[in-house]
Every structure is written in C-alpha cells, then in structure tokens.
Amino acid sequence: MKKVLITGANKGIGLEMARQLSQKGFYVFIGSRNLKNGLDAEELLKSEGLENIEAIQLDVTDQESINAARIEIGNKTDVLDILINNAGINGIEFQGDIPLMHTALGTSVDKFKEVYDVNVFGVIRTTQAFIDLLQKSPAPRIVNVSSSQGSLTLHSDPEYKYYNAKGAVYQSSKSALNMYTIALAYELRNTDFKVNAVSPPSTATDFNHHLGTGTVEVAAEHIIHYALIDNDGPTGKFFCPDNNPETGEIPW
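Now for a quick tour of the structure.

The rules behind the values
- Residues numbered from 1 in each chain as written.
- Predicted model: local features only at pLDDT ≥ 70, side-chain atom pairs only at ≥ 80, totals over all residues.
- Heavy atoms only, no water.
- Phe/Tyr/Trp six-rings, centres within 6.5 Å; stacked < 30°, edge-to-face > 60°.
- Helix = DSSP H or I, 4+ residues; strand = E, 2+ residues; numbered from the N terminus.
- Buried < 20%, exposed > 50% of the residue type's maximum accessible area, 1.4 Å probe, protein only.
- Polar contact = N/O pair within 3.5 Å; in protein donor to acceptor, adjacent residues only side chain to side chain.
- Contact = heavy atoms within 4.5 Å.
- Expected span 1.5 Å × (residues − 1).
- Salt bridge = Lys/Arg side-chain N within 4 Å of Asp/Glu carboxyl O.
- Pairing = 2+ DSSP bridges.
- Right-handed = clockwise from strand over helix to strand, strands pointing away.
- Core = buried A, V, L, I, M, F, W, Y, C linked by side-chain atoms within 4.5 Å.
- Axes fitted to C-alpha atoms, helices over the stretch in contact; angles between N-to-C directions.

### Concerning the packing of aromatic side chains
- One pass over the full model with this rule turns up 5 aromatic pairs.
- The interplanar angle of 50° and the centroid separation of 6.3 Å between the aromatic rings of Phe-112 and Tyr-116 together place this pair among those described as tilted. One end of the pair, Phe-112, and the other, Tyr-116, are both in helix H4 (residues 109-134), 4 residues apart, so they sit about a helical turn from each other.
- Taking the relative accessible area as the measure of exposure, Phe-112 reaches 22% and is therefore partly exposed.
- For Tyr-116, a relative accessible area of 19% gives the class buried.
- Between Tyr-226 and Phe-239, the ring centres sit 4.1 Å apart and the planes meet at 20°, which makes this aromatic pair stacked.

Written out as structure tokens, the structure is:
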C-alpha cells in the first residue's frame, strides 16, 4: 500500500485530500499542528468507513516536531511515496469579510517572518526531513501547494484580472515557495521524483473566511492529480486551473 503525508490536513482542502487519497487506496498520514484536531479528523474519516488514516502531530514551524514526526512515521514504514506540503497561512486579519491587505511599506518584518516560517521554511524543513523515505519509493512525488498569487509574471501584467490586488506578505511567500520548487525539481531532475507547485482553484475555506467560490472537493482533486502523475508527467512546473483551464500550467 502506497503511503502519503499531507501537512495541515486536519481541515479544509488538506482534509479532503486525505479523504480522496484514502478512497484511492493510499495509507494517509494526516499532519496536524494540533494533535487533537488531527485525531478528530482521523475519527471523522474513519466514521466514513476509511481505515487507512493516521493523525501525526506535525508543526512545520517546529524542527523538533518535524523530527519527532519523521521518527514516528519511520517506525511505521520504510517508504513514503507522496509528500504534499499543504500547510500554509496568509497572516491576514479581517474586518468582517474585508481582508486587511499587507502593504510593502506598512507591514512589519515580523509579519513577513511569521508567514514565511510556515509557507516557505516549513516546506523546506518538512521536505528535508522526509526526503530519505521518499527516495525509497519507486515513484516519489512532491506537491507544494502554492497560489497563483505568487506568480511574478501574472501579477506584473497590468492586464491581469488581479493586478490591483497586491498582498505583499502572502504573495511574496508563495513566490519564494515557487522558487524553492524550481530548485528542488532541478536537483532531483535525474531521479524518479516529480516535483511541482500547484495552486488550487478559488475555494471556500477557513483560510479565506469562505470568500472563495469553489468546493474543497474540486480543489483536492486538482492537487491530487499532480500527486499521482506517472513517470512521463511534468516536473518543475506550476499549475492553476483558474488561470489556464486548458493545460493548467501557468507562468512563474
């Protein structure tokens, strides 16, 4: 049975990915910063008849937590087939349903550090910690859940539909994550790894105060598609169906 680790999988799109991958026959490790929330998610999925689910305490901002998760998972399996780096934050506060966007001049460095610690450094920590288990898989896959908001090309185009929306912190964190994805895919280019950045379509979740327009089911399906690509599939690419419904690929 193939095994997958999903960070930030106790709710939202992460939880739905756990559900769908378990339905497809994977053994799913639910990474959750708060173990109780992870156990609640595990209980929910098992109540739906899914057995191959296990919650793991994993805080991507805490190296000791990641190391403990690596030991725990390593005691259960010698091989990890898929890593989905899904955990992320935007650091945005809301007034009602209105997001208070971070500005380039008015936002403190501490806020940048807070968001980067999860969205960038957390991905690096987790990937480095689990790379040895992934290397033992015959078809290892890494999917970094990104955002089209991190596309430098799209957001520097005055004709782009979101050109006037510039959240300095979250968007730049996803740009940094994208560059890490490129570097990681390049380093693993002569192996069986496939490494891609995937932006889900607009989705209503707690992450955005449910201001998105789509469902977690559709978002999860899109991300999972790139976790299950075959050996002829792409690597080192960036995908988002909202911006390219035909092929999915969008510019960095």
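This is not the end of the story, as more comes after the structure.
### Brief notes about the side chain of Asn-244
- Locating Asn-244 in the fold gives a position in the segment after strand E9 (238-239).
- Classification of Asn-244 by relative accessible area gives buried; the value is 17%.
- In terms of polar contacts, Asn-244 uses its side chain to reach the side chain of Thr-247, at 2.7 Å.
- In this view, Asn-244 contacts Glu-249 and Ile-250; residues no more than four positions away in its chain are not counted.

### Points about helix H7 (residues 216-227)
- For H7, spanning 12 residues, the distance from its first C-alpha to its last is 16 Å, which sits close to the expected 16 Å at 1.5 Å a residue.
- Turning to H7, its buried residues number three or more, namely Val-216, Ala-219, Ala-220, His-222, Ile-223, Ile-224, Tyr-226 and Ala-227.

### Remarks on the pattern of salt bridges
- Counted under the stated rule, the structure contains 9 salt bridges.
- Across the pair Arg-19 and Glu-48 runs a salt bridge, and its minimum N-O distance is 2.9 Å. Placement of the pair is Arg-19 in helix H1 (residues 12-23) and Glu-48 in the loop between helix H2 (35-47) and strand E3 (53-57), with a sequence separation of 29 residues.
- Look at Arg-19 and you get buried, because its relative accessible area is 15%.

### What about the pairing of strand E1 (residues 3-6)?
- Here E1 shows two buried faces, one formed by Lys-3 and Leu-5 and the other by Val-4 and Ile-6.
- Alignment of E1 against strand E2 (residues 27-32), held across 4 bridges, turns out to be parallel. For Ile-6, the partnering residue across the bridge sits in E2 and is Ile-30.
- Viewed along the sheet, the connection from E1 through H1 into E2 turns out right-handed.
- In this structure, E1 lies alongside strand E4 (residues 82-85), joined through 3 bridges in parallel fashion. Note on E4: the bridge partner recorded for Val-4 is Ile-82.

### Quick notes on the nonpolar core
- Counting 29 residues, the largest nonpolar core has Ile-6, Val-28 and Ile-84 as the members making the most contacts within it.
- Of all the elements in the fold, those that place two or more residues in this core are E1, H1, E2, H2, E4, strand E7 (141-145) and H7.
- In terms of residues, this core owes the most to one element, H7, which gives 7 residues.
- Not counting residues within four places of it along the chain, the set of residues in contact with Val-28 comprises Val-4, Ile-6, Ala-18, Leu-21, Ser-22, Asn-52, Ile-53 and Glu-54.

### Here we look at the sheet that holds E2
- Ordered in space as E3-E2-E1-E4-E7-E8-E9, the 7 strands form an open sheet in which the pairing is parallel. Edge positions in the sheet fall to E3 and E9, since each of these pairs with one other strand and no more.
- Two strands pair when backbone bridges link them, and E7 and strand E8 (residues 194-198) are joined in this way by 5 bridges, in the parallel orientation. Along E8, the bridge assignment pairs Val-145 with Val-198.
- Each of E1, E2, E3 and E4 is contacted by H1, which is oriented at about 175° to E1, the strand it contacts most.

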